Structure formats: C-alpha cells, structure tokens
Amino acid sequence: MADLLVRPRRLRFNPVVRDLVAEARLDARAFVMPHFVLRNPVAAEEIDAMPEIRREGIDRLSATVEADLKLGIRAVLLFGVPGDDEPKHPDGRSSYADDAITPRAVAALKKRFGNDLVVITDVCLCAYTDTGHCGVIEHGRVANDPSLEHLARQAVAHAAAGADIVAPSDMMDGRVLAIRQALDGAGLVDTPIMSYSCKYSSGYYGPFREAAHSAPQFGDRRSYQMDARNRREALLEAELDVEEGADILMVKPGLAYLDVLRDIKENFTQPVAVYNVSGEYSMVKAAAARGWIDERTVTMENLHAFRRAGADIVITYHARKALAEGWL
Ligand code: PBG
Ligand code: ZN
C-alpha cells in the first residue's frame with residue numbers, strides 16, 4: 001500500500017500535532033456561567049438534579065463569581081429565584097418591583113466587578129407568575145400581546161440596574177421589538193438583546209425547572225416554544241428577531257439541535273450563542289457518577305461539538321469545572 005498518498009492519520013500522531021491542526025477550539029472567553037439567585041444574601045442551596053450547581057444569595061454569589069473570574073469565566077447569566085413564601089401574580093409583576101431579586105443582584109455584581117464581568121439577565125415571567133407560564137393567561141391560554149408589556153418592564157428593570165445584556169427566553173412573538181422599544185424609551189439604547197431566538201420545547205429543561213421553581217402549574221410550553229420536529233422554522237424565528245433588533249441569537253437546547261445551530265451560524269451575521277441546558281448537564285453528571293461514561297471526555301466532546309457546529313458563545317453549567325480541572 002505504498003501508493004496510498006493521502007493518509008489522514010499522519011496528522012494524528014501525537015497530542016501536540018493534533019492540537020496544532022484542531023479545527024474547533026474552546027476558550028474561557030466564550031463561556032457564560034448560569035446562576036440561580038436567591039433573595040436571602042447568605043443562602044446557598046444544593047440542586048438535587050444538578051450536582052455542583054447551587055442557588056445562592058448575592059453574598060455567596062459574589063464570592064462564587066470572584067472565584068470563577070480567577071478561572072477565566074467573565075460572563076454570567078442570572079436567573080432570579082423567588083422563595084416559596086414570595087407572592088406570585090398572574091402577570092409576573094414581582095419581577096420588576098422595586099425590590100425584585102435580579103435587579104438587586106445585577107447592581108451588586110456590577111458594583112463589585114465593574115467591567116471585568118459581563119452580566120446577562122434572563123428575561124422571562126415563568127419564575128414570577130402564579131401559573132408558572134412564561135406569559136400572561138387569558139381565557140385559559142398563554143396570551144401573546146398582553147405578556148409583552150411585562151417582559152419589557154422586566155428587561156428595563158434589569159438594564160436600569162446595570163445589566164450589560166438582557167436575554168428574553170419567553171418565546172412570545174414580538175418580544176424583542178417590545179423590549180427594544182422599552183429600553184430605548186428608557187434611554188437604554190446601548191443595552192444589547194441576546195434573544196433566545198430558537199428555543200425548543202424540550203424535556204431537557206427538567207432539572208432547571210426544579211432549580212428555578214418555574215414549572216408550569218398546568219399544561220406545557222408547546223404553544224409558545226418551538227416544536228422539535230422543525231428546522232426551517234428556526235430560520236424564521238431568527239429572522240424575526242433580527243428584524244426586531246436582536247443583537248445576539250441563541251439556539252437552545254444545544255446537543256439535540258446542532259443542525260439548527262449550524263443553520264443559524266451560516267445564515268446570519270450576528271454572534272450565535274448555544275445554551276447547553278440543565279438536562280444535558282445532568283445526564284452527563286448522572287452517567288459519570290455511575291462510572292458509565294468519563295466526565296471529562298464526554299464534557300469536552302460536547303463543548304467542542306458546539307464550537308464545531310458554529311457557536312461563538314457557549315452557555316454551560318460545565319464551565320467552572322472544565323476550567324478548574326484544566327480540561328481546556
Ligand atoms: C425560562 C427558562 C428555561 C430555561 C432558561 N430559561 C426553562 C423553560 O423554558 O422551561 C432552561 C435552562 C436550562 O434548562 O438549563 N423561560
Ligand atoms: Zn419562562
């Protein structure tokens with residue numbers, strides 16, 4: 001077989017050569033670490049289905065973020081988690097009240113870390129509505145247009161508190177435009193919107209709903225989140241968001257939607273984020289805990305898959321461990 005001219009194995013003969021020719025690379029600067037924020041500043045709670053991830057009050061969170069910054073994690077995505085004793089309303093108004101959790105956390109983090117840290121906030125109603133839905137209910141259904149005002153108010157509250165980027169995850173039609181107009185009206189013209197543009201209705205959000213106490217009290221989210229069977233529809237969703245003023249597009253979940261991630265990357269010029277969601281994280285952790293898979297190998301394989309498929313930004317619960325253990 002001496003006449004075999006092309007031998008791909010020539011470039012695989014040792015780790016340094018493999019690193020030299022690797023196409024997809026990971027970089028801590030592309031990571032966003034999600035956080036669940038509690039009202040009590042010193043509280044810290046384990047999350048059963050998400051090993052090594054905690055809900056934390058702002059004092060604890062500040063310490064965690066400081067340690068993460070030393071590892072190179074320079075962006076966070078915040079989810080406010082109201083306590084069981086806090087009132088929830090049909091319209092989620094507590095999300096933009098004077099004492100709302102997320103704006104307080106934003107202000108504290110920005111005060112402490114300034115421009116060293118990019119603070120992104122999830123904008124949605126589900127953690128604050130008594131129904132657990134991402135919008136307002138009318139006639140037994142999640143009503144689109146009446147939800148927009150509340151989402152917009154929440155986004156303004158976050159941005160006014162100093163959020164660097166707001167990230168609407170509700171999937172109401174027209175929410176990017178409503179938020180853009182509200183931000184501009186409040187003089188917050190420079191606050192970017194990272195839209196959860198292509199957010200599928202997914203069983204992979206299970207652990208998150210436990211973590212954020214945001215499970216719907218009836219029905220499911222299929223009337224507003226995307227249907228997993230659809231690929232072209234993702235282009236429509238992204239196109240609408242771009243027309244409405246989205247600055248960054250997102251695909252969520254990640255692993256089961258790598259084709260969509262690639263499509264969005266190829267068809268748009270905006271930066272593309274992928275959300276490696278809770279269930280994807282928990283599956284790796286659970287199987288690794290049983291010794292069925294190797295955590296490092298599988299985690300890095302997944303994270304590289306996102307970059308290979310086209311993600312500029314990777315939102316992942318794995319960020320801290322991957323960096324702390326030197327997996328990159
Ligand atoms: C809230 C929201 C969800 C996630 C992010 N924002 C849950 C949902 O839509 O039910 C999921 C994140 C994860 O699973 O890690 N709208
Ligand atoms: Zn929601």
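Look up a bit, the structure's there.
Residues numbered from 1 in each chain as written. Chains lettered and ligands numbered in written order. Predicted model: local features only at pLDDT ≥ 70, side-chain atom pairs only at ≥ 80, totals over all residues. Heavy atoms only, no water.

1. As for the site of ligand 1
Around ligand 1 lies a shell of 18 residues, among which Lys199, Arg209, Lys252, Ser278 and Tyr317 are the nearest. At a separation of 3.4 Å, a nitrogen atom of ligand 1 approaches a polar side-chain atom of aspartate 122. Taking tyrosine 317, its side chain carries an N or O atom lying 2.6 Å from an oxygen atom of ligand 1. Notes on ligand 1: free accessible area 410 Å², of which the protein chains cover 100%. At a threshold of 2 Å from the grid points, most atoms of ligand 1 map onto the largest cavity. A per-class count over the shell around ligand 1 returns 10 nonpolar, three polar and five charged. (Near = heavy atom within 4 Å. Polar contact = N/O pair within 3.5 Å; in protein donor to acceptor, adjacent residues only side chain to side chain. Areas by Shrake-Rupley, 256 points an atom, 1.4 Å probe, with all protein chains shown as cover. 1 Å grid on protein atoms, 1.4 Å probe; cavity = no way out; pocket = protein on both sides within 12 Å on 5 of 7 lines; lining within 4 Å. Sits in = over half its atoms within 2 Å of the grid points. Nonpolar A, V, L, I, M, F, W, Y, C, P; charged D, E, K, R; others polar.)

2. Considerations on the coordination of the zinc ion (ligand 2)
Protein ligation of the zinc ion (ligand 2) involves Cys124 (SG), Cys126 (SG) and Cys134 (SG), the donor distances falling in the range 2.2 to 2.3 Å. Every donor counted, the four donor atoms about the zinc ion (ligand 2) form angles of 100 to 119 degrees at the centre, which fits tetrahedral coordination. Each donor residue of the zinc ion (ligand 2) lies on one chain, and together they are spaced C-x1-C-x7-C. With cysteine 124 in the loop between strand S5 (118-123) and strand S6 (136-138) and cysteine 134 in the loop between S5 and S6, this residue pair connects regions lying 10 residues apart in the sequence. (Donors = N, O, S within 2.8 Å, 3.2 Å for Na, K, Ca; no water. Tetrahedral: all angles 85-135°; square planar, octahedral: opposite > 155°, others 65-115°. Helix = DSSP H or I, 4+ residues; strand = E, 2+ residues; numbered from the N terminus.)

3. Details of the packing of helix H4 (residues 144-160) against helix H5 (residues 175-185)
Interhelical geometry of H4 versus H5 gives an angle of 45 degrees and a closest axis separation of 9 Å. Relative to H5, H4 is oriented oblique. The way H4 lies across H5 gives a crossing that is right-handed. On H5, the residues touching Leu148, Leu151, Ala152, Ala155, Val156 and Ala159 of H4 are Arg175, Ala178, Ile179, Ala182 and Leu183. (Axes fitted to C-alpha atoms, helices over the stretch in contact; angles between N-to-C directions. Parallel < 35°, antiparallel > 145°, perpendicular 65-115°, else oblique. Left-handed = near helix turned anticlockwise from the far one by under 90°. Contact = heavy atoms within 4.5 Å.)

4. Quick notes on the packing of aromatic side chains
For the structure on display, the rule yields eight aromatic pairs. Each ring, one from phenylalanine 79 and one from phenylalanine 208, has its centre 4.8 Å from the other, and the planes form 75 degrees; the classification is edge-to-face. You can see phenylalanine 79 sitting in strand S4 (residues 75-80) and its partner phenylalanine 208 sitting in helix H6 (residues 206-212), a full 129 residues away along the chain. Here tyrosine 275 and tyrosine 317 contribute two aromatic rings whose centre-to-centre distance is 6.1 Å and whose plane-to-plane angle is 45 degrees, an arrangement assigned as tilted. Taken together, the positions of tyrosine 275 in strand S11 (residues 272-276) and tyrosine 317 in the loop between strand S12 (313-316) and helix H11 (319-324) put the pair 42 residues apart, joining distant regions of the chain. Given the relative accessible area of 1%, tyrosine 275 is considered buried. Three or more aromatic residues joined by ring pairs form one cluster here, namely Phe36, Phe79, Tyr196, Phe208, Tyr275, Tyr281 and Tyr317. Directly above the ring of tyrosine 275 sits lysine 252, whose terminal nitrogen or CZ lies 5.1 Å from the centroid. Over the ring of tryptophan 292 we find arginine 290; its NZ or CZ atom is 5.7 Å from the centre of that ring. (Phe/Tyr/Trp six-rings, centres within 6.5 Å; stacked < 30°, edge-to-face > 60°. Buried < 20%, exposed > 50% of the residue type's maximum accessible area, 1.4 Å probe, protein only. Lys NZ or Arg CZ within 6 Å of the ring centre and 35° of its normal.)

5. Considering unusual backbone geometry
For the bond running from lysine 252 to proline 253, omega is -10 degrees, close enough to zero to count as cis. Phi is positive for histidine 139, close to 50 degrees, though the residue is something other than glycine. One can find histidine 139 in the loop between S6 and strand S7 (141-143). Classification of histidine 139 as exposed rests on a relative accessible area of 79%. At histidine 213, a position not held by glycine, the phi torsion is positive, near 50 degrees. Considering the arrangement of structural elements, one finds histidine 213 in the loop between H6 and helix H7 (232-244).

Remember that the coordinates give geometry; whether it matters functionally is a separate question.
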